[in-house]
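# Examination of the molecular architecture
One letter stands for each residue in the lines below.
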Amino acid sequence: MRVLAFQGSPRPGGNTDLLLRAFLEGIEEAGGEAEKIDLYRLRVEPCLECGKCDHTGECIIPDDMRDIYPKLDQAQVIVVASPIFFYNVTSRTQALIERSQACWIRKYVLKKPHPRAGERQGIFLSLGATKGRRLFEGVQRVVRYFFDALDVNYQGGLFYRGIEEKGAIRSHPSALKEAFSLGRAVGEGLSPENWPLTRDPCP
Ligand SMILES: Cc1cc2nc3c(=O)[nH]c(=O)nc-3n(C[C@H](O)[C@H](O)[C@H](O)COP(=O)(O)O)c2cc1C
């Protein structure tokens, strides 16, 4: 099980980072293989809408996405972890998402679906300070369509409200345990129907 996980918070050791680490510990305990990418340690520019990928399906921006594209192609499970910033994912996570435009072009314009389309799974881990019922509604749609561009099935994820100060996730009664259990289920190779996560509520 090859898992690629994006840590999309600018705060190292913050809540998203801790949640993702618990998930990755679960993977490791199950003997799975995972790679974590800290987006704020890399240079990932937003899409410039230059149109170059329209004909090739390849992005020409010379930044760290050059290393990330092949990893996105090879991963069996892709995890996006981001806190909520203004009801969205963080800007660096959004930059990653925008750059999947090259993959969208490959799939929908050049009609070259991923060779393992339908066999790859996506998970979203997120948290925010407020407690509104609709806190994760918009971002889930964003992440769902990121996964769609990659020919990855969005399965849903783990979502936590009322988490604000650095490290506050540690005081949550179940979050880190749930992330660990989810990681273990993924690492054990359980089928996605048996993953302990909140299913995608988007239509
Ligand atoms: C720029 C910024 C925007 C934020 N916007 C929201 C928001 O719209 N809704 C919310 O519930 N929390 C918001 N928050 C709070 C963070 O989601 C919260 O503090 C979270 O725990 C940070 O996670 P981290 O430690 O992984 O970075 C915002 C925080 C910052 C710094």
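Right above here is the structure, for reference.
Residues numbered from 1 in each chain as written. Predicted model: local features only at pLDDT ≥ 70, side-chain atom pairs only at ≥ 80, totals over all residues.

Two elements in contact, helix 1 (residues 15-29) and helix 7 (residues 175-187), have axes separated by 6 Å at closest approach and are oriented at 35 degrees. At the point where helix 1 passes helix 7, the crossing takes the right-handed sense. Facing L18, L19, A22, F23, L24, E25, G26, I27 and E29 of helix 1, the residues of helix 7 in contact are A175, L176, A179, F180, S181, L182, G183, R184, V186 and G187. Tallied by class, the residues present in the contact of helix 1 with helix 7 amount to twelve nonpolar, four polar and three charged. (Axes fitted to C-alpha atoms, helices over the stretch in contact; angles between N-to-C directions. Helix = DSSP H or I, 4+ residues; strand = E, 2+ residues; numbered from the N terminus. Left-handed = near helix turned anticlockwise from the far one by under 90°. Contact = placed C-beta atoms within 7 Å. Nonpolar A, V, L, I, M, F, W, Y, C, P; charged D, E, K, R; others polar.)

For the ligand, the set of nearby residues contains 18 residues, the closest of which are G14, T16, P83, G128 and T130. When the residues that make up the shell around the ligand are grouped by side-chain class, the tally is nine nonpolar, six polar and three charged. (Near = placed C-beta within 6 Å.)

Take the pairing of strand 1 (residues 2-7) next. Counting buried positions over the six residues of strand 1 gives five, a clear majority of the element. Inspection of the sheet shows strand 1 paired to strand 2 (residues 33-38) by six bridges, in the parallel sense. Pairing of R2 across the sheet is with E33, part of strand 2. Regarding topology, helix 1 serves as the crossover connection from strand 1 to the parallel strand 2, and that connection is right-handed. In the sheet, strand 1 pairs with strand 3 (residues 77-83) via five bridges, with the strands oriented parallel. Bridge assignment links A5 to a residue of strand 3, and that residue is V79. (Buried ≥ 20, exposed ≤ 12 C-beta atoms within 10 Å, placed from the backbone. Pairing = 2+ DSSP bridges. Right-handed = clockwise from strand over helix to strand, strands pointing away.)

Compared with an ideal rise of 1.5 Å per residue, which puts 13 residues at 18 Å, helix 6 (residues 137-149) spans 19 Å between its outermost C-alpha atoms and is within 8% of the ideal. For helix 6, the complete set of buried residues consists of V139, V143, F146, F147 and A149. The buried residues of helix 6 occupy an angular sector of 160 degrees when the element is viewed end-on, so they sit on one face. Along its buried surface, helix 6 packs onto strand 3, helix 4 (91-99), helix 5 (101-109), strand 4 (120-127) and strand 5 (152-160). Immediately beyond the C-terminal end of helix 6, within one or two residues, lies D151, with a positive phi of roughly 60 degrees. (Expected span 1.5 Å × (residues − 1). Arc of directions from axis to C-beta.)

The values reported here are purely geometric and, on their own, carry no functional implication.
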